[in-house]
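Below, each chain spelled out in residue letters.
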Amino acid sequence: MPVPLFPAYTAGSAVPDCKVQLRSFLLVGKRDAPLKEVLPQMLQVFSFLDKTASAKLGEEKAISKMPDGSIACAHDDIAQVMDVLGEAVEAAGLVMGEDVTVSLNFGATSFFISNTGEVGSYAYKPEAEGEPVEADNWADWVCELLDKYPQISSIEDVCAEEDYETWRRVRQAVEARSTPVLVLGNDLFKNDLDLIRTGVAEGWAGGASLQSEKLHTLSDILDASTLFTFLKPKASRVVLQHRPGHSAGVIEADLAVGIGAWGLVCAPPAPLSVSKYNRLVEIESALEDLQAQGLAHLRPWQSVYEEEEAAVAAYAEQVAEAEQG
């Protein structure tokens, strides 16, 4: 079953005077736990965000609400945002890093700086008051951020759209760490099937965040997701975005389960989004009933990870033997 992701904080260019250039912060529910337990917990955390931000920041910072339900505030640095998220999770009686994790959408194209020195050189500047980070050192900076905040479970658009070489370096560095973090592309792939095919072949990212309203047809969504989820020996992951506004409905719940999505970005609590939550619970309950009858086989994500790691190790051994032979 897909894990729910809730937009929590908006930063970057969308928020005047915000010194944090990363685009947004999302809260991620606990994987492999029953959705009928996870969804109420996430909604409870969501309800504490406003109170926690107001109490922590006082009257120093103006707090506003974005259309996606997230909070917008002109924060000074990433640490300030992570502190507020951690306190909201704690206020809900949950443990950050265990019951709830964080997904960071860098939106790195917006703070990509070209020609920082010699012609052809470039850098990233994720915080307005910090020094730019040269692209050659960007993978190290990202890994240091992940080491500082082990509650981060995924990162999205961590490099500029067409900075493909840095994408590869970041993915390799992140996936080499002992703690798994998913590297997703959204702006990178532009919901374009040709770009997705090229990116999968060249290993730009470990998965994609797909927007159903931009892929237009069910066939395109299935084609795009299959390019990731059928990879062997280790598949990439897909996160499905909810459709905004009046068009949002329950179909993404069925679609996310059907394509084997790693996650489903959910809208803030509202009649249409609550219907989507309920549909996810209904699907989970129906699959559990089928499993009890021996008609379906539900696997926890942890067993998928373990099986893939074993397959990767076996594949590496085969390659080594072939090279020696």
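The rules behind these values
- Residues numbered from 1 in each chain as written.
- Predicted model: local features only at pLDDT ≥ 70, side-chain atom pairs only at ≥ 80, totals over all residues.
- Heavy atoms only, no water.
- Helix = DSSP H or I, 4+ residues; strand = E, 2+ residues; numbered from the N terminus.
- Buried < 20%, exposed > 50% of the residue type's maximum accessible area, 1.4 Å probe, protein only.
- Contact = heavy atoms within 4.5 Å.
- Areas by Shrake-Rupley, 256 points an atom, 1.4 Å probe, with all protein chains shown as cover.
- Pairing = 2+ DSSP bridges.
- Disulfide = S-S within 2.5 Å.

Of the regular secondary structure elements, the chain holds 10 helices and 13 strands. Expressed as a percentage of the 325 residues in the chain, the buried residues total 48%. Considering only intrachain contacts with a sequence separation of at least 6, the fraction spanning at least 24 residues in the chain is 65%. When the accessible surface of the chain is summed, it comes to about 15,400 Å², and 51% of that surface belongs to carbon and sulfur atoms.

A word on the sheet that holds strand 7 (residues 122-124). Read across the open sheet, the three strands follow the order 6-7-8; overall the sheet is antiparallel. In this open sheet, the two edge strands, each paired with only one partner strand, are strand 6 (112-114) and strand 8 (133-134). Where strand 7 meets strand 8, two bridges bridge the pair, whose relative direction is antiparallel. The residue of strand 8 that forms the bridge with Ala123 is Glu134.

Before going further, it helps to examine the state of the cysteines. According to the stated counting rule, one finds zero disulfides in the structure shown. With no disulfide partner, Cys18 has as its closest neighbouring cysteine sulfur the one in Cys73, 7.5 Å distant. Judged by its relative accessible area of 7%, Cys18 falls in the buried class.

On to the environment of Tyr9, then. Position of Tyr9 relative to the elements: it lies in strand 1 (residues 3-10). Residue Tyr9 is classed as buried on the basis of its relative accessible area of 1%. Beyond its immediate chain neighbours, meaning those up to four positions away, Tyr9 contacts Arg23, Ser24, Phe25, Ala53, Ser70, Ile71, Cys73, His75, Val81, Val84 and Leu85.

Moving on, we get to the environment of Ala160. Looking at the element boundaries, Ala160 is found in the loop between strand 9 (152-156) and helix 4 (164-175). For Ala160, a relative accessible area of 4% corresponds to the buried category. Not counting chain neighbours up to four residues away, the residues in contact with Ala160 comprise Ala108, Thr109, Phe112, Tyr124 and Trp167.

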